[in-house]
Amino acid sequence: MPENVLRPLFESHTGQKLAEILELPTSGSNRRYFRLKGGNLSLIGVIGNNMEENEAFIYLSRHFREKGIRVPAVLAVSKDRMSYLQEDLGDKVLFDLVSKGRENGIYSPLETDILCRTIEQLPRLQFQGAEDLDWGNCLYEAFDGRMIDFDLNYFKYCFLKATGLEFNEVHLQEDFEKFKEDLLKESGNTFMHRDFQARNILIQDGEPWIIDFQGGRRGPIYYDVASFVWQARSRFPQLLKQKLLEAYLRALRSYQEVDEDLFYSRLRLFVLFRTLQVLGAYGFRGYFEKKPHFLASVPYALGNLRTLLQTPFTDYPHLNDILLQLTNMPQFNEVPQDRRLEVHIYSFAYKKGIPADNTGNGGGYVFDCRSINNPGKYEHYRQFTGNDPEVIKFLEDDGEVTTFLESVYKLVDAHVQRFIERKFTHLQVCFGCTGGQHRSVYCAEHLGKYLSNKYNVKVMVTHREMNIEKVL
């Protein structure tokens with residue numbers, strides 16, 4: 001039992017009784033993570049079934065912290081080295097923090113900023129992290145020909161063969177050998193995280209912290225850049241990809257001179273290699289471990305591949321032909337539909353009627369905001385709306401709107417939670433007032449932000465009388 005393993009470790013290290021243990025979700029990892037609380041302390045307990053992997057993480061954590069790199073500290077290790085405690089950096093995963101941009105295809109300035117500041121940390125990890133590092137303490141010492149063979153075969157056997165696509169094994173292997181030779185043309189004495197992507201970045205106090213580096217090794221800088229910028233589910237627009245690459249190159253120049261033409265030429269090879277490795281992982285987790293959410297990511301990876309193949313890889317003709325066929329296979333042509341609950345929120349004027357529900361759901365709420373003190377009865381506020389600071393201050397100073405919304409939140413919470421559980425697709429919530437300009441607008445906006453922050457749902461806000469529609 002995890003509690004039997006982690007309780008004595010927590011209590012001996014902290015001197016506090018373990019009061020609460022909560023297992024945290026994982027995706028592709030076989031390690032188990034637990035949030036441990038006792039007294040006023042919160043730590044993360046880790047149980048790993050691979051001692052070498054545990055030792056690598058423990059060593060690298062200590063080494064990186066000595067170099068000033070933001071990674072979680074390891075605080076205590078069990079005698080058998082199969083479990084350990086690390087500091088609790090919270091739950092703000094970068095992948096989740098930029099979810100709106102990923103879903104809408106438009107990343108906000110704040111999302112863009114934190115993504116750029118994250119990739120700016122990568123050269124520090126790669127170069128400072130490699131200083132005085134004993135590579136023998138890594139799980140794998142270096143990115144080498146064997147590692148490339150493993151990943152290319154991972155792609156071939158766990159993904160390509162599972163699709164049923166016909167190919168010439170000899171010609172494919174010939175291309176693999178040439179591809180491997182090109183990937184190994186330079187290596188460098190730099191640290192390669194090997195899974196540097198938004199799910200492995202925690203944000204604490206607005207700063208990025210790097211996690212899950214136990215598989216790192218000596219290797220070329222391009223692999224981690226490809227991993228972050230071309231992470232399949234992130235779906236970064238081309239303009240954002242370019243901003244991220246520019247941010248990386250600015251930081252990289254602090255450590256070495258940069259030939260941009262050479263950098264982009266080499267990077268392109270590693271984008272292809274990383275994409276093949278990811279497809280192999282998706283195939284193994286999806287086809288063989290029967291985890292369907294990994295297969296749902298395949299179209300995103302193939303979307304990256306489709307763009308990459310606009311300039312053919314002429315040095316690997318059979319591989320290029322196979323990849324083109326893959327990107328045109330019908331089962332991979334469409335990105336899966338977003339099945340999350342959609343919450344449509346309206347503001348409206350009662351004199352123009354209640355908004356119709358066009359989704360077919362036929363349910364939801366209509367809240368009458370006319371009991372709230374109306375700023376519209378004062379000349380000064382008539383030029384403003386519920387989105388303007390003047391009206392917001394009026395309503396919040398008065399206080400009635402706050403009490404009103406507290407009741408709304410409780411009612412709508414119950415519906416959203418149950419609708420998510422029952423796989424419903426739509427919920428409509430309407431706020432009406434006299435003119436559809438002040439009170440209803442304020443309430444619709446605040447409910448939208450509340451739901452968007454609390455649940456993984458799609459929220460659409462429509463201010464009908466103002467002809468404004470937006471996705472939060």
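Okay, so let's go over this structure.

Cut-offs used in this document
- Residues numbered from 1 in each chain as written.
- Predicted model: local features only at pLDDT ≥ 70, side-chain atom pairs only at ≥ 80, totals over all residues.
- Heavy atoms only, no water.
- Salt bridge = Lys/Arg side-chain N within 4 Å of Asp/Glu carboxyl O.
- Helix = DSSP H or I, 4+ residues; strand = E, 2+ residues; numbered from the N terminus.
- Buried < 20%, exposed > 50% of the residue type's maximum accessible area, 1.4 Å probe, protein only.
- Pairing = 2+ DSSP bridges.
- Axes fitted to C-alpha atoms, helices over the stretch in contact; angles between N-to-C directions.
- Contact = heavy atoms within 4.5 Å.

**Focus: the pattern of salt bridges**
Per the counting criterion, the structure on display carries 34 salt bridges. The residue Arg 117 makes a salt bridge to Asp 113 at a minimum N-O spacing of 3.0 Å. Of the two residues, Arg 117 and Asp 113 are both situated in helix α5 (residues 109-119); the distance of 4 residues between them amounts to about one turn of the helix. By relative accessible area, Asp 113 is classed as partly exposed at 37%.

**A look at the pairing of strand β5 (residues 83-87)**
Most of β5 is tucked away, with 4 of its 5 residues classed as buried. Across 5 bridges, the pairing between strand β3 (residues 41-47) and β5 is antiparallel. Bridge assignment links Ile 44 to a residue of β5, and that residue is Gln 86. As judged from the 3 bridges shared by strand β4 (residues 74-77) and β5, these two strands associate in the antiparallel manner. What sits directly across from Val 77, in β5, is Tyr 84. Counted along the chain from β4 to the antiparallel partner β5, the turn is 5 residues long, and its residue Arg 81 has a positive phi close to 65°.

**Thoughts on the sheet that holds β5**
Adjacent strands of a sheet pair through backbone hydrogen bonds, lying either parallel or antiparallel. Here we have 5 strands laid out as an open sheet, ordered β1-β2-β3-β5-β4, and antiparallel in their pairing. The sheet terminates laterally at β1 (20-24) and β4, the two strands that pair on one side only. Going across the sheet, the axis of each strand differs from the next one's by a mean of 25°, ignoring polarity. The strands that helix α1 (residues 2-14) touches are β1, β2 (32-38), β3, β4 and β5; relative to β3, the one it contacts most, it runs at about 135°. Along the sheet, helix α2 (residues 51-66) makes contact with β4 and β5, crossing β5 at roughly 25°.

**Concerning the environment of Gly 68**
Looking at the element boundaries, Gly 68 is found in the loop between α2 and β4. Each C-alpha atom of the pair Gly 68 and Gly 129 lies 8.9 Å from the other, and the pair is 61 residues apart in sequence.

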